[in-house]
Amino acid sequence: MKIGLVLEGGGMRGMFTAAVLDFFLEKNIEVDGISSVSAGALFGVNYLSKQNGRALRYNKRFNHDKNYMGLIPLIKEGNIISTEYAYERVPHELDIFDNETYRQSDIPFYAVATDVNTGKPEYFQITDVFEQMDVLRASGSLPYVSKCVEIDGRKYLDGGIVDSIPFQFLRDRGYDKIIVILTRDLQYRKEPENRLMANIFLKKYPKVLEKMLVRHENYNNSIEALKELEQTGEAFVIRPSLPLNISRMGTNPAEIQAVYDQGRIDAERYYKKLLKWMEK
């Protein structure tokens, strides 16, 4: 029996995911493989490095810094989150990521990015966070406010464009059961993309533009598919019990803490049911 873990993105809604993963660390809940996208990938690596609380700590500390995230790095670098600050200084100097513990884990960790030329998902296995930081950056490079990330001569953007909840990837690889951590509540359904904005910002990448315009349909279909897997016992879905009151690029430390706290509350609420499901 192989159990997989799937981590949705969602920017700072990912603090919910970070809280659930910290709870998993404390309860010694382990899985056999992980697929992730965007913020789910960026925060999820701390689960395998066993750094409880790190994602909460550095987001509360740095998000409100205008040189870290916002208009200044967007103008200077073309990215709303500074590559040099967020992906180099923070993990190497300011809040050090334990790459050695991560590398020693035998749990495969995959991050999804979108190939901008083909409009197809690419599933990268992250074996070394420091060496593959560009993959994580690509997975979380939001369209409209990020430059494409080049990896091995190909250009990539946020994996959520084509696979917002990458559970089928694990199922196709023989995982019998999957735990899925969502960052949207049960009632949420994605609305269509703003066509004008999509056409303005993505006209250079017609395949990505095509995917963006049907993204809401794919997302909502994934939610319905997950419901069916829940009913058959093949999936266990952890989702916020209430809508998360934070923007994708939230900078307020109190709001960040509140989303994290909600994740802790809901993780505790799901805990006993999750254990029973894993034991079956």
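Here the structure is shown first, and the text comes after it.
Presented here is a report on the structure given in the accompanying data block. (Residues numbered from 1 in each chain as written. Predicted model: local features only at pLDDT ≥ 70, side-chain atom pairs only at ≥ 80, totals over all residues. Heavy atoms only, no water.)

**A word on the overall build of the protein chain**
Just so we agree on the cut-off: Under the DSSP-based scheme used, a helix requires at least four consecutive residues in state H or I and a strand at least two consecutive residues in state E, with every element numbered from the N terminus. The quantity called the radius of gyration is restricted to C-alpha atoms. Its globule counterpart is 2.2 Å times the number of residues to the power 0.38. Burial classes: relative accessible area under 20% of the type maximum marks a residue as buried, over 50% as exposed, and values in between as partly exposed (1.4 Å probe, protein chains only). Residue contacts are counted whenever heavy atoms from the two residues lie within 4.5 Å of one another. With residues, only the protein chains shown are counted as cover, and all accessible areas are computed by Shrake-Rupley using a 1.4 Å probe. Positive: Lys, Arg. Negative: Asp, Glu. His and the chain ends are not part of the count. Charged side chains are reduced to one point each, which is NZ for Lys, CZ for Arg, CG for Asp and CD for Glu.
Looking only at helices and strands, one finds twelve helices and eight strands in the protein chain. For a compact globule of 280 residues, the expected C-alpha radius of gyration is about 19 Å, and the protein chain comes in at 18 Å, within 12% of that figure. Buried residues in the protein chain amount to 56% of all 280 residues. Sequence separation of at least 24 residues holds for 75% of the intrachain contacts in the protein chain that already meet a minimum separation of 6. Roughly 12,900 Å² of accessible area belongs to the protein chain as shown, and the carbon and sulfur atoms make up 48% of that amount. Averaged over its 38 positive side-chain charges, the protein chain has a centre that lies 4 Å from the centre of its 39 negative ones.

**Considering the nonpolar core**
Among soluble globular proteins, nonpolar side chains are generally buried collectively. Threshold: The set of buried Ala, Val, Leu, Ile, Met, Phe, Trp, Tyr and Cys residues whose side-chain atoms join them within 4.5 Å is what this entry labels a nonpolar core.
Counting residues in each nonpolar core, the largest one holds 62 residues, and the members touching the most others are Leu-5, Met-15, Phe-24, Ile-34, Tyr-47, Ile-126 and Ile-179. For this core, the element with the highest residue contribution is helix H1 (residues 14-27), accounting for nine residues. When sequence neighbours within four positions are dropped, the list of residues in contact with Ile-34 reads Leu-5, Leu-7, Tyr-47, Leu-48, Ile-107, Pro-108, Phe-109, Tyr-110 and Leu-170. Ranked by size, the runner-up nonpolar core spans 17 residues in total, among them Val-6, Phe-167, Tyr-175 and Tyr-219.

**Observations concerning the pairing of strand E1 (residues 3-7)**
Quick note on the threshold: By the convention used here, strands pair only if DSSP detects at least 2 bridges between them.
Of all five residues making up E1, five are buried, and the element is well covered by its neighbours. The side-chain alternation of E1 yields two buried faces, one formed by Ile-3, Leu-5 and Leu-7 and the other by Gly-4 and Val-6. The pairing of E1 with strand E7 (residues 177-181) spans five bridges and is parallel. The partner of Leu-5 across the bridge, within E7, is Ile-179.

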